[in-house]
Amino acid sequence: MRMGRPTKRRRDAKQQTQTQTAKPKFASPTLVVGQISPDVVSSILGPALTDLAVQSVEDYADAVLNYEHANQFAAAGKGEEEVVEVEMDLDGNIQQQQVEDAPMPPSSQRLFSSQLDIENLTELLTSTSQHFSTSTNSWKVHANAAKFERLLDEKYGRFRPFIESHPNVEIFIKNVQRKYAMGAFSPFRKSGPPVGKTTSIMLLFMMHRNGVRMDALLLAATFFLVGLQPWALVGLVIIGKWEMDRRKRKRIGGMSKKIATVEAYYASALGDDDNLSEEEEIKAKYALLDTPVGTKFNPADLSLRDEEYDVIVLGSGPDTLYVGALLARAGKKLVVLSPSDDVSGCVTMGDKNSSVLGKNIPFDVHGMNVTQLSRQQELLAPALCTSTDTQGGIRFSRIGSNLDGYAHSILSVPGLGTDNTSAECIPVVLNATGSLASLAEYCSTCLGDGFPGVDLDGKDNGNSNSLSYLKACNQINAGSADYYLSKLYNAKESNSYQEASIRTASTFLNKCLPLNTHVRSLMAAIGMMNENLCPDKTSMAAHVTNICAMTSEEGLSYPVGGPRAICHALTSVIEQCGGRVVAGVSLQELL
């Protein structure tokens, strides 16, 4: 007898015994219990289908035997009397009906009707079993191929032939899908922002102190603090640029989709006659220039009072009419009211009895010398352009000639270039050919300034203060367009031209040209030619603009026909767009 604790039996021992002796749920009746064959066709489906086939053949054989016995019985009873069943209707009439008891043959449309069909079924099952039970599993290869074909149809559809002919495209698509599933195309960096928050805030603060634009600061903040990917940052820049361009292309409220097409201002003077000679065309244009600009105000005409306008423009001169022409081309209905009899602002001179002066000669009071002509033509084109001419028939003539370097101004400053303050001076000729270099050379030769030297690379190596001053003025004037646009759109951006506008010209002159008083006087005179003000009362912005205009390489130009030609062209645009230009209106009474 063994002493001690009894031996413990495992809890799953009984379950293992039951599992070993249990009969499988789907097992063939011909197999031994516990031996399951993977060949389902030969072990389960084959015997069942064979039994059904044998049963169908036996049923068909029984049906054929019964049909033969019925035919024999019918042939034996042909000599006997026919069996007649008599029926009587409600009226007492006897109806005779012959009973047909001829046997019907069995249907031959059976799946299995002979031993040959059973043998064919057995052969089919054997081949199927061998196909699915081979060690190479070729049926799986065919099944996978069929599945792959179906997936190609579902995934690519009509593009399947292209994908099959270009397998590299499919490989690229799969790589992109795999990278997308792994998060490679996420706009945020996996490792977080590239730098810490403290460093990012310091960088943003330094960028703000250095005058970086606000949109650039926002992009930098998204990169440093949020941790955007570089390609996502580039995408934001592209989207922002596209949105800004779309807003710039957006039409102003009330502006038509298409700008109205106008004709040249002299088209009405020439009429519809296309056979006019060149002399007749010139006479017609001169006759148009003799007439004042605008329609004379008639107090009896009540249409001006009763008609409604979108905009009323008060004033005279090319600047007033230019504003009116731009608004008219933008789709606004407007009227220009001028207190003078000639909206162009010109004074008509002449003697009716004189054959030299003529009867009506427009005299330019304000001066229409135009500098930087290419820029001025770009500004005039939106208001004057026609279907055939971007300038609406307006042409400019350059002052001077090639012989004198297109000289446009002669400047005389009392005491300039002399040792006393008398009226004696050395005149300065301003021209367009090499204006900066020629003016600096004049200052060096006649005023004692440094020599403007140039090395072999084209860089300045001289000590000319006047040339350095002129170049500084050009750099400051480069931001004038942005400054005036910021005034229109209430922008808060600042540049060097804005800083110059709040300072006087004397401050800049004394700081840049402290030693040579003659050079300082010359630069002050060039910068205030049309201002008639002292340097300490002139804005530095106006001083810089005048210097750049007088020393421009394009020189000065004057409109052919004078300011009256430009005003006639602008008036023609306003009237063709549905507006009016009225002269001789008492603005005090109107207001």
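Up top is the structure these notes are about.
Residues numbered from 1 in each chain as written. Predicted model: local features only at pLDDT ≥ 70, side-chain atom pairs only at ≥ 80, totals over all residues. Heavy atoms only, no water.

### Quick word on the overall build of the protein
The helix and strand inventory of the protein stands at 23 helices and 13 strands. Of all 591 residues assigned to the protein, the portion counted as buried reaches 28%. The long-range fraction of contacts in the protein, counting pairs at least 24 apart against all pairs at least 6 apart in sequence, stands at 61%. Counting only carbon and sulfur atoms, one obtains 56% of the accessible surface of the protein, whose full area is about 41000 Å². (Helix = DSSP H or I, 4+ residues; strand = E, 2+ residues; numbered from the N terminus. Buried < 20%, exposed > 50% of the residue type's maximum accessible area, 1.4 Å probe, protein only. Contact = heavy atoms within 4.5 Å. Areas by Shrake-Rupley, 256 points an atom, 1.4 Å probe, with all protein chains shown as cover.)

### Some words on the sheet that holds strand β12 (residues 556-559)
If you walk across this open sheet you meet the 3 strands as β8-β12-β9, and the pairing is antiparallel. Here the strands that pair on one side only, and so sit at the sheet edges, are β8 (370-371) and β9 (396-398). Bridge count between β9 and β12: 3 bridges; the pairing is antiparallel. When the sheet's bridge partners are listed, R398 is paired in β12 with S557. (Pairing = 2+ DSSP bridges.)

### Points about helix α22 (residues 562-576)
With 15 residues, α22 should reach 21 Å at 1.5 Å per residue; the first-to-last C-alpha distance of 22 Å fits that figure. Taking burial as the measure, the 15 residues of α22 include 13 buried ones, the bulk of the element. Phi turns positive one or two residues past the end of α22, at G578, with a value near 95 degrees. (Expected span 1.5 Å × (residues − 1).)

### Side note on the packing of helix α13 (residues 318-329) against helix α14 (residues 373-384)
Relative orientation of the contacting elements α13 and α14 amounts to 50 degrees, with a least axis distance of 8 Å. Our classification of the angle between α13 and α14 gives oblique. Contacts between α13 and α14 pair Y322, A325, L326 and R329 from the former with L379, L380, P382, A383 and L384 from the latter. Here the contact of α13 with α14 is composed, by residue class, of 8 nonpolar, no polar and 1 charged. (Axes fitted to C-alpha atoms, helices over the stretch in contact; angles between N-to-C directions. Parallel < 35°, antiparallel > 145°, perpendicular 65-115°, else oblique. Nonpolar A, V, L, I, M, F, W, Y, C, P; charged D, E, K, R; others polar.)

### Overview of the sheet that holds strand β13 (residues 580-583)
In space, the 4 strands of this open sheet follow the order β3-β13-β5-β4, with parallel pairing throughout. Each end of this open sheet is capped by a strand with a single partner; those strands are β3 (295-296) and β4 (311-314). Across 4 bridges, the pairing between strand β5 (residues 334-338) and β13 is parallel. What sits directly across from V336, in β13, is V581. Here α13 sits on the sheet and contacts β4, β5 and β13; the angle it forms with β5, its principal contact strand, is near 170 degrees. Relative to β13, α22 is tilted by about 125 degrees, and along the sheet it contacts β3, β5 and β13.

### Examining unusual backbone geometry
The phi dihedral of Q372 falls on the positive side, at around 50 degrees, and the residue is not glycine. A positive phi is found at Y406, a non-glycine position, where the angle reads about 55 degrees. Following the sequence through the fold, Y406 ends up in the loop between β9 and β10 (409-411). Given a relative accessible area of 22%, Y406 falls into the partly exposed group.

### Points about the side chain of N431
Inspection of the secondary structure assignment puts N431 in the loop between β11 (428-430) and α15 (435-446). With residues near it in sequence (within four places) discarded, N431 still touches D404, G405, Y406, A407, H408 and S438.

### Topic: the packing of aromatic side chains
Applying the stated criterion across every chain, the model contains 4 aromatic pairs. Seen from their ring centres, F223 and F224 are 5.5 Å apart, and the 65 degrees between their planes marks the pair as edge-to-face. Relative accessible area serves as the criterion here: at 16%, F224 is assigned to the buried category. When the ring of Y265 is compared with that of Y266, the centres are 5.2 Å apart and the planes differ by 80 degrees; the resulting orientation is edge-to-face. You can call Y265 buried: its relative accessible area is 11%. Seen from the ring of Y266, K285 lies directly overhead, with NZ or CZ sitting 4.3 Å from the centre. (Phe/Tyr/Trp six-rings, centres within 6.5 Å; stacked < 30°, edge-to-face > 60°. Lys NZ or Arg CZ within 6 Å of the ring centre and 35° of its normal.)

Just geometry here; none of it tells us what the structure is for.
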